[in-house]
Each structure stands twice: as C-alpha cells, then as structure tokens.
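Topology and contacts: notes
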Amino acid sequence: MKTSFEDTLARHVPPGVDGKRELIWLAVGGALCLLYSLSFFIVYLNHYQALFVWDGTARVLNTEAVMPDFIALLGNSLTGFLILALCLPALIFYHYAYHYRDSMSIYLMKRLPDRWELHRRCISLPFCGILACCGAAFILLLVYFGVYMLLTPSACLAPDQWQKIWIAFLGVVK
Amino acid sequence: MIEVRNVSKSFGGKKALDSINLTLPQGQIVGLFGENGAGKSTLMKCILGFLRFSGEITLDGEPISSRNIARLSFATNEHSFFPNLTAQAHMEFYQLHFPKFNEKRFRGLMEFFELPANKALRHFSTGQKNQFEVILSLCQGADYILMDEPFAGSDVFNREDFYKVLLGILEPTETVLLATHLLEEVEHFIGRAILIRRGRIVGDISMLELEESGRKLIDYVKETYHYQADRVSKALNELTGEQ
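Here the structure is a predicted model, which means the values were calculated and not measured. (Residues numbered from 1 in each chain as written. Chains lettered and ligands numbered in written order. Predicted model: local features only at pLDDT ≥ 70, side-chain atom pairs only at ≥ 80, totals over all residues. Heavy atoms only, no water.)

**Comments concerning helix α1 (residues 40-47) of chain B**
All names here are of chain B.
- Along α1, seven of the eight residues are buried, which leaves the element largely enclosed by surrounding structure.
- Those residues of α1 that fall on the buried side of the exposure criterion are K40, T42, L43, M44, K45, C46 and I47.
- Just past α1, the residue G49 takes up positive phi, approximately 85°. (Buried < 20%, exposed > 50% of the residue type's maximum accessible area, 1.4 Å probe, protein only. Helix = DSSP H or I, 4+ residues; strand = E, 2+ residues; numbered from the N terminus.)

So this is what it looks like as structure tokens:
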C-alpha cells in the first residue's frame with residue numbers, strides 16, 4: 001500500500017523511476033556530508049585545548065592566546081554539500097535521458113496536455129536535493145558558528161567573526 | 001479536421017518534407033505509404049509537434065498545442081510507453097492526463113490480446129509491446145490516431161487480429177492515419193491511400209475510386225512510382241551475362 005508521500009514522490013520523478021531509491025541515495029549522500037562536516041569539531045577542539053596552559057596540576061586559560069577565526073576552522077568541512085549539490089544536475093540529465101532509453105517515452109511526455117509534466121518530473125527531485133544541500137550547509141554553518149561563539153572564551157575571540165564569514169563567502173579580500 | 005499546409009522540413013540541408021499539403025477529415029482510416037526515408041515518420045512527428053517545420057498544421061483551424069494535443073494519439077514502432085511500468089500503471093497514468101481515456105476499451109483489448117496487467121512492459125515480447133502501444137493509442141480518447149509502422153516485428157496473425165479489432169471498435173468520429181509498408185494487408189481496411197515519396201505527396205486516392213477503376217492498391221502504387229516491371233530481369237541479365 002503506497003502512502004501519500006510515496007504517491008507524491010512518484011509523481012515527481014519520471015514514470016518507472018524508483019523515486020524512493022533516489023531519495024535514499026540522496027539521504028546517504030547527505031549523511032556522509034554531515035559526517036564529514038563533523039571534522040570541524042576535531043579542528044575546533046584541537047585549537048580549543050591550545051587556549052589553555054598547565055599551571056602545576058591546574059589547567060588555566062592563557063589570556064594571551066587567540067582562537068583562530070571561525071572561517072579558518074571551518075575550512076572544507078561543508079564542501080561535501082557543495083560537491084553533492086554540484087552532482088545533482090547530472091541526475092536531471094539522467095532523468096531526461098531516461099525518456100530515450102529502451103523506448104521513446106519522450107513522445108508520450110511531449111504530447112501530454114500538461115506541458116510542464118516532463119520538466120516537473122525531471123527537475124523536481126534534484127532541485128529539492130540542491131535546496132536541501134544548501135539549507136543543510138547553511139544550518140550547519142549557523143550551528144557550528146553558535147558552538148564556536150558559545151564555547152570559545154570571550155577573551156580569546158578575535159573580533160568581527162560574522163563579518164569575516166561574509167567576506168569569505170562573498171570573495172571579498174580585505 | 002487536420003490541415004497540413006505547405007509544410008517543409010529539412011535535416012542538415014536535406015529536404016525530408018517538401019511543401020506537403022494534406023487534409024485529414026474525421027472518421028477516415030487513411031494509409032500513408034512510402035519507402036524508407038520517404039518522410040512518413042517526419043510528417044507524423046511534425047503533426048504532433050515533435051519537430052519544428054515551416055508551414056502550418058492546424059486541428060479544426062487551431063494550431064496544435066497543449067490545449068488540443070489530447071485529441072491526437074500516437075503509436076510508434078519505437079514505442080512510447082515506459083518499459084519499467086506495468087500495463088495497469090500505464091492506464092492510471094493515462095487516466096491522470098487524458099480525461100477521455102476509454103477504460104472499457106482498454107480492459108477489453110487487454111483481455112482480447114491476453115496481455116498481463118501487472119507485468120512490467122520490458123518483460124513483454126516484441127509482439128506484445130506492439131499490441132500494447134497500439135492499445136494505448138486507441139484508448140487515449142483521441143479523435144486522431146497516428147500510427148507509425150506499429151506492427152513492425154509482429155507476426156501476421158498478430159497484425160490480422162488487429163485490423164479486425166480496429167475495424168470493429170472505431171467510432172465514426174475516430175480517424176486513423178497508418179504509416180506502413182504492408183500494402184496488401186491493409187488495403188481492405190483503409191478508406192484512403194496517401195503516397196509519399198522523397199518528402200512529397202505523390203498520390204492521394206480513396207479506395208472507392210480505386211475499386212471503381214478496377215485496380216488494386218499495389219498497381220496504383222507501382223503506377224505512381226513509375227515502377228519498371230522488367231528491372232529485376234534486366235539486372236539479373238546484366239549480372240549473369242545471359243539473355
């Protein structure tokens with residue numbers, strides 16, 4: 001018995017394409033990107049520990065130390081999402097090419113009264129995937145930034161962290 | 001009525017259709033004949049809007065667009081179904097997109113040809129695939145059914161059955177344009193024959209006219225194509241050097 005979600009999914013991929021399987025692959029790709037992004041914490045924790053010095057048996061904050069900029073610590077940890085998003089146009093191509101494989105179902109799709117049906121079925125899932133990648137990357141950026149700002153002792157924070165992110169993403173060189 | 005006015009189509013400088021003029025009124029079964037590469041498929045693809053062309057094609061005076069395309073259906077030997085879907089899933093897809101889909105006719109034809117409803121089409125035999133392709137075109141609820149060599153690869157029994165069924169089920173308002181090489185097989189079931197050669201219409205005659213003149217379709221085709229009856233014997237003589 002198909003659920004309404006499965007029905008909706010089936011209406012947004014070419015007829016006969018297993019939308020559920022494509023969605024699972026997308027989710028697996030997203031999960032791998034998420035796992036890779038966790039490398040941020042490894043880098044962060046290394047630098048965080050470097051902020052402290054041992055005074056006998058006590059660990060004390062070295063107020064002279066400065067935490068590297070967030071954007072520097074972030075490095076390539078969100079690149080997985082970019083790569084996944086860049087791969088998804090290939091899925092659009094695959095969906096269009098599907099209509100020429102083993103039959104010419106493109107003839108049927110082209111003569112449907114709803115002239116957007118073909119494009120909707122070929123583009124929807126990859127487009128949603130691209131949006132999801134961008135959304136996930138943005139949310140993780142905010143979460144990691146929040147972690148960075150909350151956990152880093154304020155005495156060790158370099159100023160203008162948020163501006164530096166914008167500068168990095170907009171490609172502006174100071 | 002489908003009207004084709006002054007339609008030309010070229011592929012890389014080579015003319016595939018050259019100033020075609022043609023009308024297809026409702027309620028006719030029309031045979032479209034011509035050798036390979038004559039332009040039969042190209043003409044159909046122009047009518048359906050798959051190819052760009054110069055000239056004008058109208059359906060009851062309106063250009064063919066998404067507004068009236070549902071009045072045309074198409075069966076092709078290249079097959080336009082989805083190989084991964086079952087027949088049942090195709091029916092549901094057609095019902096979703098073509099409000100006039102004739103489910104009763106679909107079920108009747110599926111039963112007549114003993115086609116499985118819940119088997120993916122990629123597992124069908126070539127004959128079954130052809131049958132299913134034609135069934136879909138007949139059940140869409142279209143007024144004009146365009147068929148491009150739909151029986152290529154089917155055996156003679158398969159084809160015979162189809163001609164009979166076709167004659168039995170068509171409504172008086174339904175028009176069939178059938179492109180085929182099988183002149184003798186279809187001459188008793190078509191009402192009009194159109195001959196196309198090198199992208200031009202070279203003959204257009206009703207079967208009634210042919211009958212009255214006491215000729216067979218094949219004779220008309222040979223006349224129109226200026227077929228030389230002795231060309232085979234001449235060629236053999238040249239090849240063997242015998243007289």
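From this point on, the discussion continues.
**Some points on the sheet that holds strand β4 (residues 54-59) of chain B**
All names here are of chain B.
- In spatial order, the strands read β2-β1-β4-β5; together these four strands make up an open sheet with antiparallel pairing. Lying at the two open borders of the sheet, with one neighbouring strand each, are β2 (14-24) and β5 (62-63).
- As paired strands, strand β1 (residues 2-11) and β4 are joined by five bridges and run antiparallel to one another. Within the sheet, the bridge partner assigned to E3 lies in β4 and is T58. (Pairing = 2+ DSSP bridges.)

**Side note on the packing of helix α3 (residues 103-112) of chain B against helix α4 (residues 126-139) of chain B**
Residues and elements named next belong to chain B.
- Viewed as axis vectors pointing N to C, α3 and α4 meet at an angle of 160°, and their least axial separation amounts to 9 Å. On the basis of their axis angle, the class for α3 and α4 is roughly antiparallel. Handedness of the α3/α4 crossing: right-handed. Residue-level contacts link R105, F106, L109 and M110 of α3 to F132, I135, L136, L138 and C139 of α4. (Axes fitted to C-alpha atoms, helices over the stretch in contact; angles between N-to-C directions. Parallel < 35°, antiparallel > 145°, perpendicular 65-115°, else oblique. Left-handed = near helix turned anticlockwise from the far one by under 90°. Contact = heavy atoms within 4.5 Å.)

**Structural notes on the nonpolar core**
- Within the largest apolar cluster, 91 residues are counted, with the highest numbers of intra-cluster contacts made by F106, F132 and L217 of chain B.
- Ignoring sequence-local partners within four residues, the contact set of L217 of chain B consists of F33, L183, E187, I190, A193, M207 and L210 of chain B. (Core = buried A, V, L, I, M, F, W, Y, C linked by side-chain atoms within 4.5 Å.)

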